[in-house]
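Now for the letters of each chain:
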Protein chains: 2
Amino acid sequence: MSKHRDMRGQALEATAGNGLIDRRALLGRGIALAGAMGAGIGPAAAGAEPLAQPLADPPWSLEFGDRTPPYQMRSKFEAKVVRTLSNPKHEMRNSHARTPHHQLEGTTTPNGLHFTINHGGIPDIDPDQHRLVIHGLVKRPLEFTLETLSRYPMVSRAAFVECGGNSAPMFSPEPLQETVQALHGLASCAEWTGVKLSTLLEETGIDPRATWFIAEGADSPHLSRSVPIKKALDDAMIALYQNGERLMPGNGYPMRLLLPGYEGNMNVKFLRRIKLVEQPALSMYEARTYSPILPSGKAYRFYFLQEVKSFITYPSHGHALKGPGLYEISGIAYSGTGPIEKVMVSADGGQSWAQAALQEPVLSKAFTRFRLPWRWNGGPATLLSRAWDQSGNVQPTRAEFVAARGELTKPPPVLGFLNQHYNSITSWGVATNGEVKHVYA
Amino acid sequence: MSKHRDMRGQALEATAGNGLIDRRALLGRGIALAGAMGAGIGPAAAGAEPLAQPLADPPWSLEFGDRTPPYQMRSKFEAKVVRTLSNPKHEMRNSHARTPHHQLEGTTTPNGLHFTINHGGIPDIDPDQHRLVIHGLVKRPLEFTLETLSRYPMVSRAAFVECGGNSAPMFSPEPLQETVQALHGLASCAEWTGVKLSTLLEETGIDPRATWFIAEGADSPHLSRSVPIKKALDDAMIALYQNGERLMPGNGYPMRLLLPGYEGNMNVKFLRRIKLVEQPALSMYEARTYSPILPSGKAYRFYFLQEVKSFITYPSHGHALKGPGLYEISGIAYSGTGPIEKVMVSADGGQSWAQAALQEPVLSKAFTRFRLPWRWNGGPATLLSRAWDQSGNVQPTRAEFVAARGELTKPPPVLGFLNQHYNSITSWGVATNGEVKHVYA
């Protein structure tokens, strides 16, 4: 363990190589840390400046401000924080919008920046005309309006939704120089509120022959997916609210199926129909579009789970460190099979690891923010994060993942189409000039 | 306890008078509930209709939809869900915008609908030019940019912010016929992410003589408040993110002081200065504007805490029930002194009470959603909620509160000015036609 002497002559322990600091070392000894860390970069660990001249009075301190709007929007200075679009010309094909994780913090994805994928554009649905039908192998088929649904017992929960094709650029044999938004931006997390599907199935009754249900959307592609009935009786929800307000149009307004932990497209948006059946439908989206192909040429018929994953959002590609000193490594971890157990971080390419702090509360099938302070000495560094969930699953190394699932043989854009459910470790290489590259460590 | 016979002849227990149902009675017996509850209102408890004709194909099911925007907005059908404004003409005075709790669900207030009060309009601050200075009784005064602040260890937490004048209309001797938005809309809850003030004070050092700090905003009123130093060393935060993205302009962009549980105006927005001092400043906003006056004519000098409170958001004034049957009573509880312990609900004006379910996770100094199923028999009902926190505080009845704090002697708009920190029980009277009135039970 490397040692520094702080102003009080006390030893500051590092927890792993190349500058990773035990978070507890910070508590109650910031000054000491500053003294130990700040060598040559001014008085403060993170580059704060000594107070020189009196406070300036910029225009906004001298004049009456803007009006208060009924629905407030963010500052014009945030205009560059946007989702990146796969179909900006709105051609008649699918459209991806990716969440800018490298520009966000915490565990909630704001509604304006939640990722979306739509196969037929975004339908402009009148909620008063929309209906949800539950039929098929039920005792009594029922039709629900938004109003009748709202009278049933509701639940709220944080849950991530992730496209099965998220992280697909990492099937590339060479690391693509892309931001965390381009690599991992097809996952987001919100607080969803709605009615559990099990509550509605108690109203319709279930024919014992029913083993699956088919969910269908009201938009023009009528995307449909088959789901085992056991998920309906577990945590499936008809979601009506997203972070407290009605769903965003791109996220399924006025109602969507939420299947916590299952691949995004199964969380059918604009939900209009749930049919209980004896066999899966083998719809296009499950038999073709979302059937990952293996190196053998065989394909998974069904691949529901989004498995344990983590990635560092700061620092990441597109950021540039402003010289040596104290930084905080921050990232997101999540798993479709349960709460995150721990996240380990390395700054030396995986030679040594330190345990990151997990932001409480750690919730099942939701984003967990992890953080670890880091003293960058100005030399080369390779940053990795690796997550474990409480079900005992561990995020694979890239070598382990590629051995099992193969690498890309075709260039984008077919990437996400043939190769899905990528969840290995992501590595960032910090150069001596502070620039961050995507690397395979 | 009243009994109903369900289809299987089992008894359904009510937990309190006038239709309150034990939430556990619902589990695994929805049909039974429907059978017991649905008398005369169709097959389903909550008025769902039997499936009649085949699925309709509205326009949005037949045509290609709208384009995907870089920053998505809500549906045009939600345009009526807005904050109500106290100063819609943008006159040169303060501006209140209230959260429409009766139209929201869950525990998160979406950023567009978070309440705001600004005394000099909303400043249009360039984050790159903004500075935070910490000076006064410190060992070394420091100046922080948004960039240097972002390098320090961060924390995220859910926290409500509530104006000291929230609920002031309930000082009226007669119940005002207003929505929950007008009565209680000056409170909201978000996930805030930023740097703990204690972390920055470890950088500056603290002169032992410092017992208070003064926080000042960068907008033209330069609102300033004095805060005991012990709060700085407890959970005070310099908040930079609100529900994952940068703060909304009306909520303090680019940075605000967050003092969980303390009255809203102390959570100084557009924060530019923290000065450590030996005595409070007795600024206008603490010596005049936010000093609640008692019946004796004396005033509180300081009243920091927002005490334990709850209110039912559904059903509430402005809603109309569509006939007898199953509904869910839903509301919000919170306390500035710790996590919510329990919420009791009455449907008979306080003669009998049932314990509501609390949505997990129950977090300290954050909104907690409570819910309880209710079978409305079509007769008159008076709905109340009462909250307890884990510090042993209980929400007072209106009679208890008025005895201690008095009633209003002047009409609005001076209400919120002279009378603050109102936290008694709110009561809703349901008439036989389903309309909901504000009543004093």
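Residues numbered from 1 in each chain as written. Chains lettered and ligands numbered in written order. Predicted model: local features only at pLDDT ≥ 70, side-chain atom pairs only at ≥ 80, totals over all residues. Heavy atoms only, no water.

Caption draft 1: Expanded view of the interface of chain B and chain A. Residue-level contacts link 125 residues of chain B with 126 residues of chain A. Summed over both sides, the interface of chain B with chain A buries roughly 10,500 Å², with 56% coming from carbon and sulfur. Summed over the shared surface of chain B and chain A, the number is six salt bridges. Between Arg272(A) and Asp57(B) there is a salt bridge whose closest N-O contact spans 3.1 Å. Counting across the chain B and chain A interface gives 52 residue pairs in polar contact (both at pLDDT 80 or more). At four residues, strand 19 (residues 325–334) of chain B tops the list of elements feeding residues into the side of chain B that touches chain A. Looking at the side of chain B that touches chain A residue by residue, the classes come out as 52 nonpolar, 39 polar and 34 charged. With two bridges connecting them, strand 9 (residues 142–144) of chain A and strand 4 (residues 49–50) of chain B associate as antiparallel partners. The residue of strand 4 of chain B that forms the bridge with Glu143(A) is Glu49(B). (Contact = heavy atoms within 4.5 Å. Buried area = accessible area lost by both parts, 1.4 Å probe. Salt bridge = Lys/Arg side-chain N within 4 Å of Asp/Glu carboxyl O. Polar contact = N/O pair within 3.5 Å; in protein donor to acceptor, adjacent residues only side chain to side chain. Helix = DSSP H or I, 4+ residues; strand = E, 2+ residues; numbered from the N terminus. Nonpolar A, V, L, I, M, F, W, Y, C, P; charged D, E, K, R; others polar. Pairing = 2+ DSSP bridges.)

Caption draft 2: Representation of the pairing of strand 14 (residues 237–242) of chain B within the structure. All names here are of chain B. By the criterion of burial, strand 14 is predominantly enclosed, with six of the six residues buried. Pairing of strand 11 (residues 187–196) with strand 14, which is carried by five bridges, proceeds in the antiparallel orientation. Note that in strand 14 the partner of Val195 across the bridge is Ile238. Two elements, strand 14 and strand 16 (residues 256–258), share three bridges in a ladder whose sense is antiparallel. Across the sheet, residue Ile238 finds its bridge partner in strand 16, namely Leu257. The pairing of strand 14 with strand 15 (residues 245–246) spans two bridges and is antiparallel. Following the sheet pairing, Gln242 is matched in strand 15 by Glu245. Count of turn residues in the strand 14/strand 15 antiparallel hairpin: two residues, of which Asn243 carries a positive phi of about 50°. (Buried < 20%, exposed > 50% of the residue type's maximum accessible area, 1.4 Å probe, protein only.)

Caption draft 3: Here's a closer look at the domain arrangement of chain A. Residues and elements named next belong to chain A. We note that the domain assignment places domain 1 (132–289) and domain 2 (309–439) within chain A. The gap between the C-alpha centroids of domain 1 and domain 2 is 28 Å. At the junction of the two partners, domain 1 supplies 33 residues and domain 2 supplies 33 residues. For the pair domain 1 and domain 2, the two sides together bury roughly 2,800 Å², of which 63% comes from carbon and sulfur. Here domain 1 is connected to domain 2 by two salt bridges. Residue Lys309 pairs with Glu162 through a salt bridge whose shortest N-O separation is 2.7 Å. Counting every contact that joins domain 1 to domain 2 gives 13 residue pairs in polar contact (both at pLDDT 80 or more). (Domains from an automatic or database assignment.)

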